[in-house]
Amino acid sequence: MTQATHTPALHAHPDAALHTPSDLGSTASRDISAALNGLLADAFALYLKTKNFHWHVSGPHFRDYHLLLDEQGDQLYAMTDPLAERVRKVGGTTLRSIGHIARQQRIKDNDAVYVTPEDMLAELREDNAALAGRLREAHAVCEEHRDIAAASLIENWLDETERRCWFLFEAGRR
């Protein structure tokens, strides 16, 4: 086929150019993509909040909290590419912009000028606990559609998320 033959079809259905065949089927692709895109939006939102707190933490435990939040931000960011690539592998399309993330995220932003270190840790612990619940929900979707690869990734991220909750809890004890 020539370029001219492909062009009208691509303009009529531009998403057809991004279709990745998958043996999971169209329903599975839709459901898994939706679940993983929700996780991706939350991972980006929690990553940015964690980095915000990392950049703005102050007080006597500055060094410990600063390093802890940097490590946790790195873990969250490390989830993003595998999540997006998994969506593409199962035949879906993924997030395209900050605005798209904002429309899908369930983790609330924190734009406050000042947050106490104790409130930072507590808020991040709650957000990570919420993310753990959403990881479990997405895992169930993946199991339902027999997407073993995505379920396996989610299991590792769930363990990391629970570890972040634990560290934030312990670091925030009075």
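Relevant structure appears above.
These numbers were taken from a predicted model, which means no experiment stands behind them.

Draft legend 1. Quick look at the overall build of the protein. Along the protein, the regular secondary structure elements total six helices and zero strands. Secondary structure elements of the protein, listed N to C terminal, follow the sequence α-α-α-α-α-α. Looking at the protein as a whole, 40% of its 174 residues qualify as buried. Contacts spanning at least 24 positions in sequence make up 82% of the contacts within the protein whose residues lie at least 6 apart. Total accessible area on the protein stands at roughly 10,100 Å², and carbon and sulfur atoms take up 54% of it.

Draft legend 2. Focus on the packing of helix H2 (residues 26-56) against helix H5 (residues 117-144). Following both chains from N to C, one finds H2 and H5 inclined at 165°, their axes separated by 10 Å at the closest point. Classified by the angle between their axes, H2 and H5 sit roughly antiparallel to one another. Regarding H2 and H5, the two cross each other, and that crossing is left-handed. Of H5, the residues touching H2 (which contributes Asp31, Ile32, Ala35, Leu39, Asp42, Leu46, Lys49, Thr50, Phe53 and His56) are Met120, Glu123, Leu124, Asp127, Asn128, Leu131, Arg134, Leu135, Ala138, Val141 and Cys142. For the contact of H2 with H5, the per-class residue count stands at 12 nonpolar, three polar and six charged.

Draft legend 3. View of helix H6 (residues 148-171). End to end, H6 covers 35 Å across 24 residues, agreeing with the expected 34 Å (1.5 Å per residue, within 8%). Among all positions in H6, only Ala150, Ala151, Ile154, Trp157, Leu158, Thr161, Arg164, Cys165 and Leu168 are buried.

Draft legend 4. Fine view of unusual backbone geometry. Residues other than glycine seldom take positive phi values, yet Arg146 does so here, at roughly 60°. Note that Arg146 resides in the loop between H5 and H6. Under the relative-accessibility criterion, Arg146 is labelled exposed at 71%.

Draft legend 5. Highlighting the packing of H5 against H6. Closest axis-to-axis distance for the H5/H6 pair is 9 Å, and the angle between their directions is 160°. As summarised for this structure, H5 and H6 are arranged roughly antiparallel, according to the angle between their axes. Handedness of the H5/H6 crossing: left-handed. Split into classes, the residues belonging to the contact of H5 with H6 amount to 17 nonpolar, three polar and five charged.

Draft legend 6. Representation of the side chain of Asn37 within the structure. Looking at the element boundaries, Asn37 is found in helix H2. The buried category is assigned to Asn37, whose relative accessible area is 8%. Within polar-contact distance, the side chain of Asn37 engages the side chain of Thr94 at 2.5 Å.

Criteria and cut-off values
Residues numbered from 1 in each chain as written. Predicted model: local features only at pLDDT ≥ 70, side-chain atom pairs only at ≥ 80, totals over all residues. Heavy atoms only, no water. Helix = DSSP H or I, 4+ residues; strand = E, 2+ residues; numbered from the N terminus. Buried < 20%, exposed > 50% of the residue type's maximum accessible area, 1.4 Å probe, protein only. Contact = heavy atoms within 4.5 Å. Areas by Shrake-Rupley, 256 points an atom, 1.4 Å probe, with all protein chains shown as cover. Axes fitted to C-alpha atoms, helices over the stretch in contact; angles between N-to-C directions. Parallel < 35°, antiparallel > 145°, perpendicular 65-115°, else oblique. Left-handed = near helix turned anticlockwise from the far one by under 90°. Nonpolar A, V, L, I, M, F, W, Y, C, P; charged D, E, K, R; others polar. Expected span 1.5 Å × (residues − 1). Polar contact = N/O pair within 3.5 Å; in protein donor to acceptor, adjacent residues only side chain to side chain.

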